[in-house]
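# Understanding the architecture of this molecule
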Amino acid sequence: MKTLLLEEMTSPQIRQAIEEGYKTVIVGAGSIEQHGRHLPIGMDTMGGYSMCLSIAEGLGHTLVAPVIRPGCSDHHMAFPGTISISAELLKDICRAYCRCLCQHGFETIVLIATHGGNIDPMKEVAPELDEELPCTVVSPVLLPDPRVRDAMDPILAGYGVTREEGGIHSGFTETSELLASSYAHLVDMSAAERGFVGDVWARMAEVTRDGRYNLAEISPVGVLGDPTKASAEAGRAIAEAADPVYLEIVREALRNARSQK
């Protein structure tokens with residue numbers, strides 16, 4: 001296999017891959033949203049490809065569908081460039097993806113939210129599709145899983161960075177990850193600024209009204225964390241620690257789903 005990305009393959013190549021046992025496909029859902037003054041708005045989509053490819057390689061005989069973007073990003077709309085869709089539209093896109101992929105012969109579809117705002121819609125639509133379609137559809141939650149944070153904490157500590165500075169949006173962690181990728185040339189470290197560093201979940205609760213919040217009220221620069229110490233070296237170390245955990249969470253979800261079929 002020259003590539004695991006469906007979009008880089010021809011239709012006959014995909015048919016041949018399925019016939020050769022590549023019957024699992026990963027569908028990531030990223031976003032097009034602001035990521036501070038130093039990261040591109042496609043960060044969650046670019047990072048989504050890296051995450052999905054790593055998982056596909058670990059699973060074996062697995063392909064990666066085009067990452068869905070935009071995502072559910074209403075809380076970033078105060079910042080130019082953000083494009084947001086509704087939760088129901090994201091679910092509809094997932095339905096279209098899964099129905100098509102299942103029709104073509106994939107037996108297992110893994111829906112992965114690579115942007116936090118997509119987690120709930122994908123969790124909600126996966127069981128519906130699993131029941132509707134003859135293939136297995138799962139949506140394991142990766143980003144907020146405590147096992148991921150536990151794996152990353154020693155890496156952050158080694159670079160003198162707290163979990164809060166690592167951040168959940170454009171902080172040390174995400175910035176380092178992009179610096180370690182083929183998209184490193186899109187990172188402008190000269191523009192990197194410290195954003196909100198503290199109990200982000202408590203702060204979100206304070207500014208949430210009618211179930212919605214504006215990230216600009218938490219961080220005027222659009223950053224949750226501190227990217228100023230980020231490096232490609234740290235990004236590679238973070239990936240080495242986190243990727244095996246992501247893989248195990250997906251394997252666990254697949255084992256549970258298959259045992260219930």
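Shown above is the structure to which this text applies.
Residues numbered from 1 in each chain as written. Predicted model: local features only at pLDDT ≥ 70, side-chain atom pairs only at ≥ 80, totals over all residues. Heavy atoms only, no water.

This part covers the overall build of the protein. Assigned secondary structure in the protein consists of 10 helices and 4 strands. For the protein, the C-alpha radius of gyration of 18 Å lies close to 18 Å, the compact-globule estimate for 261 residues. Principal-axis analysis of the C-alpha atoms places the extent of the protein at approximately 50 × 40 × 35 Å. Looking at the protein residue by residue over its 261 residues, the buried ones come to 51%. If you sum the accessible surface of the protein, you get close to 12000 Å²; carbon and sulfur atoms cover 52% of it. Taken together, the 22 basic and 36 acidic charged side chains of the protein have centroids lying 2 Å from each other. (Helix = DSSP H or I, 4+ residues; strand = E, 2+ residues; numbered from the N terminus. Rg over C-alpha atoms; globule rule 2.2 N^0.38 Å. Buried < 20%, exposed > 50% of the residue type's maximum accessible area, 1.4 Å probe, protein only. Areas by Shrake-Rupley, 256 points an atom, 1.4 Å probe, with all protein chains shown as cover. Lys, Arg positive; Asp, Glu negative; His and termini not counted. Charge placed at Lys NZ, Arg CZ, Asp CG, Glu CD.)

This part is about the sheet that holds strand β3 (residues 108–113). Across the sheet, 4 strands lie side by side as β2-β1-β3-β4; this open sheet has parallel pairing. At either end of the open sheet lies a strand with only one pairing partner, and these are β2 (62–64) and β4 (136–138). Across the sheet, the axes of successive neighbouring strands diverge by a mean angle of 20°, strand direction being ignored. Across the sheet, helix α4 (residues 119–132) lies against β1 (24–29), β3 and β4, angled at about 165° from β3, the strand it touches most. (Pairing = 2+ DSSP bridges. Axes fitted to C-alpha atoms, helices over the stretch in contact; angles between N-to-C directions. Contact = heavy atoms within 4.5 Å.)

Let us look at unusual backbone geometry. One can expect most non-glycine residues to show negative phi and most peptide bonds to be in trans. In this structure, Pro70 follows Arg69 across a cis peptide bond, with omega equal to 5°. For Pro70, the position within the fold is in the loop between β2 and α3 (87–103). Although it is not a glycine, His61 adopts a positive phi angle of roughly 50°. Along the chain, the position of His61 falls in the loop between α2 (43–59) and β2. The partly exposed category is assigned to His61, whose relative accessible area is 44%.

Before going further, it helps to spend a moment on the nonpolar core. Membership of the largest hydrophobic core comes to 67 residues, with the highest contact counts inside it found for Leu6, Ile55, Ile109, Leu111 and Val137. In terms of residue count, helix α10 (residues 232–260) provides more of this core than any other element does, 10 residues in total. The residues contacting Leu111, other than those within four sequence positions of it, are Val27, Cys94, Cys98, Met122, Val125, Ala126, Val137, Val138, Ser139 and Pro140. Grouped together as the second largest cluster of nonpolar side chains are 7 residues, Val200, Val207, Leu215 and Ile218 included. (Core = buried A, V, L, I, M, F, W, Y, C linked by side-chain atoms within 4.5 Å.)

Looking now at the environment of Arg212. If you trace the backbone, Arg212 turns up in the loop between α8 (200–207) and α9 (215–218). Residue class for Arg212 comes out exposed when judged on its relative accessible area of 52%. Taking the C-alpha atoms as reference points, Arg212 and Asp145, separated by 67 residues in sequence, lie 23 Å from one another. Ignoring anything within four residues of it in the chain, the contact list for Arg212 reads Asp74 and Val207.

Here we take up the side chain of Thr3. As for its placement among the helices and strands, Thr3 is situated in the segment before α1 (11–19). Of the residues examined, Thr3 reaches a relative accessible area of 16% and is grouped as buried. A distance of 3.0 Å separates a polar atom in the side chain of Thr3 from the backbone nitrogen of Leu5. A polar side-chain atom of Thr3 sits 2.8 Å from a polar atom in the side chain of Glu8. Once residues within four sequence positions are removed from consideration, Thr3 is found in contact with Glu8 and Met9. (Polar contact = N/O pair within 3.5 Å; in protein donor to acceptor, adjacent residues only side chain to side chain.)

So, about the pairing of β3. For a regular strand, side chains alternate in direction, first toward one face of the sheet and then toward the other. For β3, the tally of buried residues reaches 6 of 6 residues, placing the bulk of the element in the interior. Neither face of β3 is exposed, since Thr108, Val110 and Ile112 on one face and Ile109, Leu111 and Ala113 on the opposite face are all buried. The β-α-β motif built from β3, the intervening α4 and the parallel element β4 has right-handed crossover chirality. (Right-handed = clockwise from strand over helix to strand, strands pointing away.)

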